[in-house]
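Residue-level structure breakdown
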Amino acid sequence: MENSAIENPATENRHKGTREARRARLRGRLLIAAVAGCAVLGTTLMLLPPSGRPSHAPAPAPGAQALTAVTDGVPAALPDLAVLIGERESLLRRHPRDAGSWAVLGAAYAEQGRRTADTALYPRAEKALRTSLKVHRNTEALTGLAVLANARRDFRTALAWGEAARQLEPGRWTTYPALIDAYTGLGDYKAVGRTLERLLELRSGPAVRAWAAAVYRDRGRREDAAAALSDAAAAARTPAERAAYLERGGQLAFERGDREEALRHFREAVRVDPDQRAARAGQGRVLAALGRPAEAVTAYRKALAKQPLPQYALELGELYESLGREQAARGQYDLLRAAVERAAAGGADEDLVLGRFEADHGEPASAVRRLRAEWLRQPGIEVADALGWALHRAGQDEEALRYARIATDRVHGGAVRSAPYLYHLGMIERELGQSSPARRHLQEALRINPWFSPLGARSASQALAALGDVPDVDLPVLDAQGADARGVTPRPYR
């Protein structure tokens, strides 16, 4: 029949449902197979050895790189910082109540100001960080304010902000480096040790190794400090970070009188990051010690052109003075005073370097007044040494000796083996007629680093020559029992 080929609608619907079910089961099996294949392929690729070819993944954008650095409290490249600042300023114009972006902007301003010695950026940094706190109290802004206060050498304020950040979030590791800086500036070296221990419990990595190195150096553990900085430089994530750790390694090498090693560190730092101006100044220091004054002057000038710090102007001025170029030296000292005034306008305290300058090249009495006030604010080892020297230059050697001993006495935290500190102590003792300790400390200063200062090293050598050799002393004649003519048995020296 014609109609025999035409199936009943109910039967056709049954067959259709069966076909759809089969297709669904087939699709399910194919999907499972595909997922399993991807998993096997993924596992196989993970187990394959690296091909050695560079990854095609795009590098982080400059703003993102600077954001990571600023958030972790490590040095950032100056061009990347500029990009980050522009991005955050643009974002905040659209979202003015973004507390996190205000904190990032403030930290970036502070880092840019520190790297360029443009202290006019510090008030902008403070405004941004305080705005962040007004929107929402957060650890990032509190830590940023602590870092900013350290950059301004206002260590008591830095400690207050740092402690507030620690109380708000005790487990955030980025707060602890700011606290280490603050405690160091205040001369509380026991607190420095406790803070470092907590930091090491919370975090490892190059930034933490670099902070540990600074503490080791202050404790006189130079080899440990050098090893930690070497590890930090090797593990650094960005050129700017690596250059910063290389520069600190150069400082350590120069402090122990290793001029060639210091120069290698400084040159590599500049090669890695041409904006590493502290390494340029370090080159100037070392080249002067190597008897290459023309190159030293060039290096200092390059540093001052982009980072006009008063300390660099003082060092270059003293180099000129050691070369007999008095007019050029006076020019640098004028630049020093101008830099100190600019710093003060930005809320930064440069009284320490100004006091050092006044003690040797200006008015020692003015240096004493300035450094006494500095000691009351922040009694760290650097201030103790500078105040002791200023008192000596002002003719107050009895009081000067007290501060010089604090700067070099391990009991008071003066464990760092510093040639300038020992030179100052020896010269004060010499003036007081204490020839033996003066001779010992001047010898030690020149043994640590015979080139610690163009003017100071020369003065130390001259003073040591004037003191002469240790005078011969007749030894007592002892009897068979070891007693002298008075019947007294000398006790062994301990």
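Computed from a predicted structure; not experimentally measured.

**Observations concerning the overall build of the chain**
When helices and strands are counted, the chain shows 24 helices and zero strands. Scored against the burial criterion, the 494 residues of the chain give a buried share of 46%. Pairs at least 24 residues apart make up 54% of the contacts formed inside the chain by residues separated by at least 6 positions. Summing over all exposed atoms, the chain offers an accessible surface of approximately 26,000 Å²; the carbon and sulfur share of this is 54%.

**Structural notes on the pattern of salt bridges**
In total, this model carries 32 salt bridges according to the counting rule given. Close ionic contact of Glu-140 with Arg-172 constitutes a salt bridge, the shortest N to O distance being 3.2 Å. One end of the pair, Glu-140, is in helix H6 (residues 139-151); the other, Arg-172, is in the loop between helix H7 (155-168) and helix H8 (175-185), with 32 residues separating them in the sequence. On the basis of relative accessibility, which here comes to 39%, the residue Glu-140 falls in the partly exposed class. By relative accessible area, Arg-172 is classed as partly exposed at 25%. Of the charged contacts in the structure, one is a salt bridge between Asp-218 and Arg-217, with a shortest N-O distance of 2.8 Å. A relative accessible area of 24% places Arg-217 in the partly exposed class.

**What to know about the confidence of the model for the chain**
Summing up the model confidence of the chain, the mean pLDDT is 87 and the portion of residues at 70 or higher is 83%. Low pLDDT (under 50) marks residues 1-18, which in the prediction has two contacts with non-local residues, meaning those over four places away or in another chain. Note on residues 26-57: pLDDT is under 50 here. Beyond four places in sequence and across chains, it has zero contacts.

**Description of helix H24 (residues 456-467)**
Residues spaced three or four apart along an α-helix face the same direction, because each turn holds 3.6 residues. Helix length check: H24 (twelve residues) gives 16 Å between terminal C-alpha atoms against 16 Å at 1.5 Å per residue, within 8%. When we look at burial in H24, the residues that qualify are Gly-456, Ala-457, Ala-460, Ala-463, Leu-464 and Leu-467. The buried residues of H24 occupy an angular sector of 125 degrees when the element is viewed end-on, so they sit on one face. In this structure, H24 carries Gln-462, Ala-465 and Ala-466 as exposed residues pointing more than 90 degrees from its buried face. On its buried side, H24 packs onto helix H22 (419-431) and helix H23 (435-448). Count one or two residues on from H24 and you reach Gly-468, which has phi positive near 75 degrees.

**A closer look at the packing of aromatic side chains**
What the rule picks out here adds up to four aromatic pairs. Ring centres of Tyr-333 and Phe-357 lie 5.1 Å apart, and the angle between their planes is 50 degrees; on these two criteria the pair is classed as tilted. Taken together, the positions of Tyr-333 in helix H17 (residues 326-345) and Phe-357 in helix H18 (residues 351-361) put the pair 24 residues apart, joining distant regions of the chain. There is no split in this pair, since Tyr-333 and Phe-357 are both buried. With a centroid separation of 5.4 Å and an interplanar angle of 45 degrees, the aromatic rings of Tyr-423 and Phe-452 are classed as tilted. Placement of Tyr-423 in helix H22 and of Phe-452 in the loop between H23 and H24 is noted, with a sequence separation of 29 residues between them. Judged on exposure class, the residue Tyr-423 and its partner Phe-452 are both buried. Geometry around Trp-451 places Arg-259 over its ring, the cationic atom sitting 3.6 Å from the centre.

**Structural notes on H6**
The terminal C-alpha atoms of H6, which comprises 13 residues, lie 18 Å apart, in line with the 18 Å expected from a rise of 1.5 Å per residue. The element H6 is largely enclosed, with a buried count of ten among its 13 residues. Taken together, the buried positions of H6 are Thr-139, Ala-141, Leu-142, Thr-143, Gly-144, Leu-145, Ala-146, Leu-148, Ala-149 and Asn-150. Contacts from the buried residues of H6 go to helix H4 (99-116), helix H5 (121-135), H7 and H8. At the N-terminal end of H6, a side-chain oxygen is found 3.3 Å from the backbone nitrogen of Glu-140, two or three residues along, and the residue is Asn-138. Backbone geometry just downstream of H6 places Arg-153 in the positive-phi region, at approximately 60 degrees.

Reading guide: rules and limits
Residues numbered from 1 in each chain as written. Predicted model: local features only at pLDDT ≥ 70, side-chain atom pairs only at ≥ 80, totals over all residues. Heavy atoms only, no water. Helix = DSSP H or I, 4+ residues; strand = E, 2+ residues; numbered from the N terminus. Buried < 20%, exposed > 50% of the residue type's maximum accessible area, 1.4 Å probe, protein only. Contact = heavy atoms within 4.5 Å. Areas by Shrake-Rupley, 256 points an atom, 1.4 Å probe, with all protein chains shown as cover. Salt bridge = Lys/Arg side-chain N within 4 Å of Asp/Glu carboxyl O. pLDDT = per-residue confidence, 0-100. Expected span 1.5 Å × (residues − 1). Arc of directions from axis to C-beta. Phe/Tyr/Trp six-rings, centres within 6.5 Å; stacked < 30°, edge-to-face > 60°. Lys NZ or Arg CZ within 6 Å of the ring centre and 35° of its normal. Polar contact = N/O pair within 3.5 Å; in protein donor to acceptor, adjacent residues only side chain to side chain.

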